[in-house]
Amino acid sequence: MNRIGQGFDLHRLVPGRPFLLGGIELEADVGPEGHSDGDVLLHAITDALLGAAGLGDIGDWFPPGDAAYKGANSADLLATVVARLSADGWRIENVDATVLLEAPKLYPYKAQIRERVAALLGLTVDRVSLKAKTMERLGPIGQGEAVAAMTSALLKSPT
Ligand code: MG
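Residues numbered from 1 in each chain as written. Predicted model: local features only at pLDDT ≥ 70, side-chain atom pairs only at ≥ 80, totals over all residues. Heavy atoms only, no water.

> What should I look at first to understand the nonpolar core in this one?
One finds L21, L41, L49, V99, I113 and L121 to be the most contacted residues of the largest nonpolar core, which totals 44 residues. For this core, the secondary structure elements donating two or more residues are β2 (19-21), β3 (24-26), α1 (40-53), α3 (74-87), β5 (91-100), α4 (110-121), β6 (128-133) and β7 (146-156). Ranked by residues supplied to this core, first place goes to α1 with 10 residues. (Core = buried A, V, L, I, M, F, W, Y, C linked by side-chain atoms within 4.5 Å. Buried < 20%, exposed > 50% of the residue type's maximum accessible area, 1.4 Å probe, protein only. Helix = DSSP H or I, 4+ residues; strand = E, 2+ residues; numbered from the N terminus.)

Set out below in structure tokens:
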């Protein structure tokens, strides 16, 4: 049986923060504000996986008010969820993602991000898709004030 899940995340971009996306640091003057490292792509993927398995959302698993997750590495959070899915017998079929970001351009980082995400998910790179869109300078994302990600994930259940 297949189960589909979707995820979304958005973080404000502020000066003085490293810009982590998909576990890769982008060269930029700003970075995502957040209790954790603010990696919208990994957060949205984590939510899509949890959604597909009917296991709640990233906030249920790692409450933002919990001091244990202050400055948390999102790759570690994702790894925790991937381990749980694996323990429950789920297999990840594929993940598809769209990142909404005005700058920097994602093109030079796409291959590296796909490889990193695939490694975190235990998948081959062909099962991890990454698309990048700008917002044509419209709205907060278009004005460079935020970054967002939308994702889908397909899981195959043990039975
Ligand atoms: Mg987030």
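> Mind showing me how you'd approach the coordination of the magnesium ion here?
Four donors placed tetrahedrally around a metal ideally meet at 109.5 degrees, and six donors placed octahedrally ideally meet at 90 or 180 degrees. Summarising the metal site, the magnesium ion is bound by the protein donors D9 (OD), H11 (NE2) and H43 (ND1), whose distances to it range over 2.2 Å. When the donors of the magnesium ion are listed by position in the chain, the intervening gaps give D-x1-H-x31-H. In this pair, D9 is assigned in strand β1 (residues 2-15) and H43 in helix α1, connecting sequence segments 34 residues apart. (Donors = N, O, S within 2.8 Å, 3.2 Å for Na, K, Ca; no water.)

> I tried to follow the pairing of β7 on my own but got confused; where do I start?
Along any regular strand, the residues point their side chains to alternate faces of the sheet. Note: β1 against β7, 11 bridges, orientation antiparallel. By the bridge assignment for β7, R3 is matched with L155. Note that β5 and β7 share 9 bridges and pair antiparallel. Counterpart to T98 in the pairing with β7 is M150. (Pairing = 2+ DSSP bridges.)

> Mind showing me how you'd approach the environment of R84 here?
Positionally, R84 belongs in helix α3. For the pair R84 and E102, spaced 18 residues apart in the sequence, the C-alpha separation amounts to 34 Å. Looking at R84, its side chain comes within polar contact range of the side chain of D88, at 2.8 Å. (Polar contact = N/O pair within 3.5 Å; in protein donor to acceptor, adjacent residues only side chain to side chain.)

> Looking at this structure, how should I read the packing of α3 against α4?
How two helices pack is summed up by the angle between their axes together with the distance between the axes. Interaxial distance between α3 and α4 falls to 9 Å at its minimum, and their mutual angle equals 40°. Taken together, the axis directions place α3 and α4 in an arrangement best described as oblique. Contact residues: α3 offers A75, L78 and V82, while α4 offers R116, L120 and L121. Classifying every residue of the contact of α3 with α4 by side-chain character gives 5 nonpolar, no polar and 1 charged. (Axes fitted to C-alpha atoms, helices over the stretch in contact; angles between N-to-C directions. Parallel < 35°, antiparallel > 145°, perpendicular 65-115°, else oblique. Contact = heavy atoms within 4.5 Å. Nonpolar A, V, L, I, M, F, W, Y, C, P; charged D, E, K, R; others polar.)

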